[in-house]
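Chain by chain, the residues:
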Amino acid sequence: MDLNLTKSQRMIRQMVREFAEKEVAPGASERDSTGEFPWEIVKKMARYNMLGIPFPEEYGGAGADTLSYIITVEELARVCAATAVIVSAHTSLCAHPIYQFGTEEQKQRFLVPLAQGNRLGAFALTEPNAGTDAASIRTTATRQGDSYILNGNKIFITNGGVADIYIVLAKTDPSKGARGITAFIVEKGTPGFSFGKKEDKLGIRASSTTELIFQNCRIPVENRLGEEGEGFKIAMQTLDGGRIGIAAQAVGIAQACLDACLRYAKEREQFGKPIGSFQAIQWMLADMATQVEAARLLTYRAAWLKDNKQPFSKEAAMAKLYASEVAMQQAIKAVQIHGGYGYMKDYPVERFFRDAKITEIYEGTSEVQRMVIASHLLR
Amino acid sequence: MRIIVCIKQVPDTTEVRIDPRTGTLIRTGVPSIINPEDRHALEAALTIKDQCGAEVIALSMGPPQAEDALLEALAMGVDRAILLTDRAFAGADTAATSYTLAQAIKQLGPYDLVLTGRQAIDGDTAQVGPQLAELLDIPQVTYVQKIELLSDGTCRLQRALERGYEIVETRLPALFTVIKELNTPRYPSIRGIMRALRQGVTVWTANDVPVDPNLIGLKGSPTQVQRTFVPEHKRNCVMLKGSLDEVTTALVEELKERRLLKALAT
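Reading guide: rules and limits
Residues numbered from 1 in each chain as written. Chains lettered and ligands numbered in written order. Predicted model: local features only at pLDDT ≥ 70, side-chain atom pairs only at ≥ 80, totals over all residues. Helix = DSSP H or I, 4+ residues; strand = E, 2+ residues; numbered from the N terminus. Expected span 1.5 Å × (residues − 1). Buried ≥ 20, exposed ≤ 12 C-beta atoms within 10 Å, placed from the backbone. Arc of directions from axis to C-beta. Contact = placed C-beta atoms within 7 Å. Pairing = 2+ DSSP bridges. Axes fitted to C-alpha atoms, helices over the stretch in contact; angles between N-to-C directions. Left-handed = near helix turned anticlockwise from the far one by under 90°. Nonpolar A, V, L, I, M, F, W, Y, C, P; charged D, E, K, R; others polar. pLDDT = per-residue confidence, 0-100. Core = buried A, V, L, I, M, F, W, Y, C linked by C-beta atoms within 7 Å. Domains from an automatic or database assignment.

Visitor: Where do I start with helix α11 (residues 366–377) of chain A in this structure?
Guide: Since the α-helix packs 3.6 residues into each turn, any two residues three or four apart lie on the same face. Residues and elements named next belong to chain A. Its 12 residues place the ends of α11 16 Å apart at the C-alpha level, agreeing with the 16 Å of an ideal helix rising 1.5 Å per residue. Every buried residue of α11 is accounted for by Val368, Gln369 and Val372. Viewed along the axis of α11, the buried residues span an arc of 105°, placing them on a single side of the element. In α11, the exposed residues that point more than 90 degrees away from the buried face are Glu367, Ala374 and Leu377. Buried residues in α11 make contact with α9 (313–343).

See below:
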């Protein structure tokens, strides 16, 4: 058993940490308040291959592994959870299904510019009436000659509006339930495809979350990802991978909470001594450090399983469930340790508190993760 | 165009402490980094490569772990990386270091430019660059903050002075030592990291470079370190109390008494 990172993973962590601290951290609080999408950072991340980490060089990627990608998301989330999810949704939910399920032609057309970071990606499954019950989507895709006609609405789409390429799930045969769902690659600018409301969110405010509207949107048949009826399987397998990314985002937020608390516990004095000298604070810090380490190990193991071509669906769900709950608990403790200051925007833990919550909700709520885990256990 | 960049791996002195008893650096747990000004030298070479094409070679002398600094240089985009490492090189002062680097550069064949950082944050001597230029018998320009390649094959530089700068022109080949004002170094890219590890660093020992054994390592070093120590800081703080006038008068008296202030013309 070897729990050491490889040399490339260590070098990538060091590089991303430096990039995150110098390029991403300085404006994170400002972007949180304005909700401005970090285009400049996205361009820089593209330059350093951070938008195509786990894909081979021949497809425009960096040629690194899943764990390197996961470490990158973690290090970004440590300073800005919004930037982290932009990378995670782009990589895990858009580029990856094209890499895994796409034809060679689709990879050349879509994966190469995505992995190079010249284009940004998104994934559209959720609808107003189809969240956890994903198979109940109502968006339809009707075959007409060499095209499909898409009609329907998607909501809460991460990278909505800013992405150029969308994986869209629609029903090609509404009578077949989950087996009647098909995946499509839809480009921004396609006639009949528009964006609705941009959501005003509690956290990850610098990321873009919008509604997608399809009105008689004609998609050429060569943009169908996989076969008709394979869409639900593609979506579920895509989300399995995506969950490792969200787990990494949660680990990054939890680590940021711990870092902030360690700094504060040494600086802040009450009763004439640093608050870190009080056992009440020490116990909280000890629990936080232990939990963040456990969350990180679960997350890395899920990534390791994926890299080693072993089943990872259950482990990804466990990592996402545990890490997201740890992130939320850490954020609550971090605000508590900071006291009144923690409630104010002068300290970053208030932002971490708002950012942490989404990790328990998107790419499958904690309840969905428990369903997935239990279904594996009871097989 | 061929550019050789000499870099040094150093302890990150922002995280370094000194053992007050022995007077030496506590290196345990301190990360090693590329000397900050050497990163600017690398960036300068890579900028020239991006703009007009060049072969960039990174060269370092150090212990085997200095390979990490060269791997980072490869990941930033240099074409080749060479590490001079051998027990025989150990203990070198700046003269022996410059000699060893110069012999390695001669071994590499023709070149147009040698770039180094102004000085390393661990030794702070700023001697290796200038000594290297002398040994290579090429012009040197130190404290470079701007590089402009001219169409006639010469180079126009801004050289920082204490107040302002001077403009210097030189023919090539030449050696420049650079300062941080020159540029903003790029990060290694992730693809660059993967390629660097595949490519690897070339290791040269004392047998691979034509060196005189009497001029390398500790034996070839005229510098003898007798003792290193941390200067003792003795500070006494006196708090002055009273009204503004009272403390001002007391302060002036105190300064006069210590001969720090001549009589005031009031």
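Visitor: Help me understand the environment of Asn214 of chain B, please; the structure alone is not making it clear to me.
Guide: Residues and elements named next belong to chain B. In this fold, Asn214 is placed in the loop between β13 (202–204) and α6 (244–257). Assessed through the 9 C-beta atoms surrounding it within 10 Å, Asn214 is described here as exposed. Through-space distance from the C-alpha of Asn214 to that of Ala88 is 10.0 Å; in sequence the pair is 126 residues apart. Beyond its immediate sequence surroundings of up to four residues, Asn214 is in contact with Lys219 and Gly220.

Visitor: Where do I start with the pairing of strand β4 (residues 165–171) of chain A in this structure?
Guide: The side chains of a regular strand alternate between both faces of the sheet. Residues and elements named next belong to chain A. Of all seven residues making up β4, seven are buried, and the element is well covered by its neighbours. What you see with β4 is no split at all: Ile165, Ile167, Leu169 and Lys171 on one side and Tyr166, Val168 and Ala170 on the other are buried throughout. Pairing geometry for strand β1 (residues 121–124) and β4, over four bridges, is parallel. Within β4, the residue paired with Ala122 across the bridge is Tyr166. Sheet topology places β4 next to strand β5 (residues 181–187); seven bridges connect them, and they run antiparallel. If you follow Tyr166 over to β5, its bridge partner there is Val186.

Visitor: Explanation requested: the pairing of strand β2 (residues 140–144) of chain A in the structure shown.
Guide: In this sheet, strand β3 (residues 147–158) of chain A lies alongside β2 of chain A in antiparallel orientation, the contact comprising five bridges. Across the sheet, Thr140 of chain A pairs through a bridge with Asn151 of chain A, a residue of β3 of chain A.

Visitor: How do you make sense of the packing of helix α5 (residues 81–101) of chain A against helix α6 (residues 104–116) of chain A when you look at a structure like this?
Guide: All names here are of chain A. Here α5 crosses α6 at 145°, and the two axes come no closer than 10 Å. In the packing of α5 onto α6, the handedness of the crossing is left-handed. On α6, the residues touching Cys94, Ala95, Ile98 and Tyr99 of α5 are Gln106, Lys107, Phe110, Leu111, Leu114 and Ala115. Here the contact of α5 with α6 is composed, by residue class, of eight nonpolar, one polar and one charged.

Visitor: I keep staring at the confidence of the model for chain B and nothing clicks. Help me out?
Guide: One rule of thumb: low pLDDT means the predicted coordinates there are not for detailed reading. Looking at chain B, pLDDT values average 92 and 97% of them are 70 or higher. Listed scores for the predicted complex are pTM 0.91 and ipTM 0.94.

Visitor: Help me understand the nonpolar core, please; the structure alone is not making it clear to me.
Guide: Among soluble globular proteins, nonpolar side chains are generally buried collectively. One finds Phe184, Ile253, Cys257 and Ala331 of chain A together with Val5 and Ala73 of chain B to be the most contacted residues of the largest nonpolar core, which totals 195 residues. The greatest single-element share of this core, amounting to 18 residues, is contributed by helix α7 (residues 231–267) of chain A. Discounting residues that sit within four places of it in the chain, Ala73 of chain B has contacts with Ile7, Ile34, Leu42, Ala58, Val78 and Ala81 of chain B.

Visitor: Please explain the domain arrangement of chain B as it appears in this structure.
Guide: One widely used convention gives an interface's size as the accessible area the parts lose upon coming together. For chain B, the assigned domains are domain 1 (2–215) and domain 2 (236–266). A straight line from the C-alpha centre of domain 1 of chain B to that of domain 2 of chain B covers 51 Å.

Visitor: What's the story with the domain arrangement of chain A in this structure? I'm lost.
Guide: All names here are of chain A. Domain annotation for chain A reports domain 1 (7–119), domain 2 (122–229) and domain 3 (233–377). Computed from C-alpha atoms alone, the centre-to-centre distance between domain 2 and domain 3 is 30 Å. Listed as interface residues are 11 residues of domain 2 and, on the opposing side, 10 residues of domain 3. A class-by-class count of the residues in the side of domain 2 that touches domain 3 yields eight nonpolar, three polar and no charged.

Visitor: What exactly am I supposed to notice about the sheet that holds strand β7 (residues 80–84) of chain B here?
Guide: Paired through backbone hydrogen bonds, the strands of a sheet run either parallel or antiparallel to each other. Residue and element names in this part refer to chain B. Taking strand neighbours across the sheet as the criterion, the nine strands line up as β11-β10-β9-β12-β8-β1-β6-β7-β13 in an open arrangement whose pairing is mixed. Strands with a single pairing partner mark the edges of an open sheet, and in this sheet they are β11 (165–170) and β13. With strand direction ignored, the average angle separating the axes of adjacent strands in the sheet is 35°. When strand β6 (residues 55–61) meets β7, the two strands line up parallel, connected through five bridges. Within the sheet, the bridge partner assigned to Ile57 lies in β7 and is Arg80. Against the sheet, helix α3 (residues 94–108) makes contact with β1 (2–6), β6, β7, β8 (113–117) and β13, and its axis sits at roughly 150° relative to β6, the strand it touches most.

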